Amino acid sequence: MEEMKAFLLSRDYPSDYLDALIPPQIAVLYETARDKDAYFYGFMPAKASHANTSRGEIPADELDVTAAVSYCPIRADGAAYVGEFLVSVCYNWEKLPVIRGRDTITVNWDSSVLKYGGDQNFTAYDYFRHPGSSQWETYKTWKQPNALGQGSVRIDTYLDSGGYIDSGTMWGYATGLAGAVNISLDPNGMLSLKTEAVDPAVIHAMYTR
């Protein structure tokens, strides 16, 4: 894990961001950055709120949602360009919700600037901390979004896991809940790294429960 963090630090990912991620989230980020030759680009807006708008937003000390953008550089005619942007939305429940079921995560972007990179570059995971081993485990994986629109994707995330403890004789609920959504976005046209930077704010994420 420390080697993965060291690699990501060398790709400009902030240390405080990495420290807030759980091991499976770091592993996916590392594999993506390594395989795609990606670098940290910036953070984009991310919020968590209740579907019942009268209840407002979910406090960060209850649910931490962080959305980071990476970029994959390419070179053409002696200049550096953005080949694609990689978006990673990670959530971690700091205070476990009493009612657990289906929540949603939505990623939106300006479709005049960016376009969806395809399901082949989409992954989403739900993780839980096992009540017996206290280790983080993956309990749901998706290879395509639940909904895709012009400038948006949506994934349903499920907070309903647990595991057997005491050598399989007793069931216990998860002691931690987290997850991640990863997509790629392609620039509409050639995008120079020097002169045509994209504001990460054109991409934003929302966790709704």
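Structure: see above.
In short, a report on the structure.

Concerning helix H3 (residues 23-36)
Relative to the 20 Å expected for 14 residues at 1.5 Å per residue, H3 spans 20 Å between its end C-alpha atoms, a close match to the ideal helical length. The inward-facing, buried residues of H3 contact helix H1 (2-10), helix H2 (15-19), strand S4 (79-93), strand S7 (123-129), strand S8 (136-142) and strand S13 (176-187). A positive phi of about 55° marks aspartate 37, the residue just after H3.

What about unusual backbone geometry?
Although it is not a glycine, aspartate 37 sits at a positive phi angle of roughly 55°. Within the secondary structure, aspartate 37 is located in the loop between H3 and strand S1 (39-43). With phi around 65°, serine 134 is a residue other than glycine that occupies positive phi space. Here serine 134 shows up in the loop between S7 and S8. A relative accessible area of 45% means that serine 134 is categorised as partly exposed.

As for the packing of aromatic side chains
Going through the model one piece at a time under the given rule, you end up with 13 aromatic pairs. Over the ring of tyrosine 39 we find arginine 11; its NZ or CZ atom is 4.4 Å from the centre of that ring.

The rules we used
Residues numbered from 1 in each chain as written. Predicted model: local features only at pLDDT ≥ 70, side-chain atom pairs only at ≥ 80, totals over all residues. Heavy atoms only, no water. Helix = DSSP H or I, 4+ residues; strand = E, 2+ residues; numbered from the N terminus. Expected span 1.5 Å × (residues − 1). Contact = heavy atoms within 4.5 Å. Buried < 20%, exposed > 50% of the residue type's maximum accessible area, 1.4 Å probe, protein only. Phe/Tyr/Trp six-rings, centres within 6.5 Å; stacked < 30°, edge-to-face > 60°. Lys NZ or Arg CZ within 6 Å of the ring centre and 35° of its normal.

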